[in-house]
Amino acid sequence: MISGLVGAAAQDWLWSSSSSATAGRAPAAQSRADAAGTAMTPEQQRQVQALANIDRQVRQHEQAHLAVGRDLVRGGASYEYQQGPDGKRYAVAGEVSIDASPASTPEKTIPKAIHIRNTALAPADPSAQDQSVAASAARMEAEARQELARLAREGGTAGPAAAYSAVARAGSEPGQASQVNTFA
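Here is what the cut-offs are and how they apply
- Residues numbered from 1 in each chain as written.
- Predicted model: local features only at pLDDT ≥ 70, side-chain atom pairs only at ≥ 80, totals over all residues.
- Heavy atoms only, no water.
- Pairing = 2+ DSSP bridges.
- Helix = DSSP H or I, 4+ residues; strand = E, 2+ residues; numbered from the N terminus.
- Core = buried A, V, L, I, M, F, W, Y, C linked by side-chain atoms within 4.5 Å.
- Buried < 20%, exposed > 50% of the residue type's maximum accessible area, 1.4 Å probe, protein only.
- Phe/Tyr/Trp six-rings, centres within 6.5 Å; stacked < 30°, edge-to-face > 60°.
- Lys NZ or Arg CZ within 6 Å of the ring centre and 35° of its normal.
- Expected span 1.5 Å × (residues − 1).
- Salt bridge = Lys/Arg side-chain N within 4 Å of Asp/Glu carboxyl O.

(A) Just the pairing of strand E2 (residues 73-83), in detail. Direction of pairing for E2 relative to strand E3 (residues 89-99): antiparallel, over a ladder of eight bridges. Looking at the pairing, tyrosine 81 lines up with alanine 91 of E3. Hairpin geometry of E2 and E3 is characterised by an intervening segment of five residues between the two adjacent antiparallel strands and by a positive phi of about 90° at glycine 87.

Structure representation (structure tokens):
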């Protein structure tokens, strides 16, 4: 879910993730008593286990964004919490705000767009919003490559060789897709 732009000039994107409990995974910690010290029912223990799994998944997802996009990140991850029957708060959704604006020149925008795309696709399970941010970054990269080729043509340079050289300096050969690395 894209939360929209944060500040029109900065073009920050917010990534949100939420997850459901995965069956068969052990909880980070299972409590048999709530905050007041009273015994929890089996149903409450299952709720705590499910919330602990969700919390772990959400934090891993956001950490992947932070690890890959640390120079793009504006602040840290922020989380939405739900209180469990044990009285503890569990992260059930999270987001990381990044600078997704174009750089000052097409040459600088191309590698930045690739980095934005890699950051968006860093989690093992990119959300629909993550995929949307990655697609926007791919469009930004394509537009920068087109602008770079146009500038090379209009600049009175030596034609295709100069355009190829300019695009190659910016990240890759014209017409070739950039490789996207995803991280678990």
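(B) Region of the structure containing the nonpolar core. Judged by nonpolar contacts, the single largest core of 14 residues is most densely connected at Val73, Val96, Ile98 and Ile116. Put simply, the parts of the chain that give this core at least two residues each are E3, helix H2 (106-120) and helix H3 (128-154). The leading source of residues in this core is H3, at four residues. Grouped together as the second largest cluster of nonpolar side chains are nine residues, Val48, Ala52, Val58 and Tyr90 included.

(C) Just the packing of aromatic side chains, in detail. Within this structure, the stated rule accounts for one aromatic pair. When the ring centre of tyrosine 79 is taken as origin, the NZ or CZ atom of arginine 59, which lies over that ring, is 4.8 Å away. Arginine 89 extends its terminal NZ or CZ atom over the ring of tyrosine 81, reaching a point 4.2 Å from the ring centre.

(D) Structural view of H2. Helix length check: H2, at 15 residues, gives a terminal C-alpha distance of 21 Å against a target of 21 Å (1.5 Å per residue), a fit within 8%. Within H2, 11 of the 15 residues are buried, leaving the element largely enclosed by the surrounding structure. Where H2 is concerned, the buried positions are Pro106, Thr109, Ile110, Lys112, Ala113, Ile114, Ile116, Arg117, Asn118, Thr119 and Ala120.

(E) Spotlight on the pattern of salt bridges. The full count for this structure, using the stated rule, is eight salt bridges. Of the charged contacts in the structure, one is a salt bridge between lysine 112 and aspartate 99, with a shortest N-O distance of 3.0 Å. With a gap of 13 residues between them, lysine 112 in helix H2 and aspartate 99 in strand E3 connect regions that are remote in the sequence. For the pair lysine 112 and aspartate 99, a shared accessibility class is recorded, and that class is buried. Arginine 145 is the salt-bridge partner of glutamate 141, the closest N and O atoms lying 3.0 Å from each other. Of this pair, glutamate 141 and arginine 145 both sit in helix H3, four residues apart, which is roughly one turn of that helix. We classify glutamate 141 as buried; its relative accessible area is 6%. Looking at arginine 145, the relative accessible area reads 13%, which means it is buried. Within the structure, one salt-bridge network assembled from shared partners comprises Arg74, Asp99 and Lys112.

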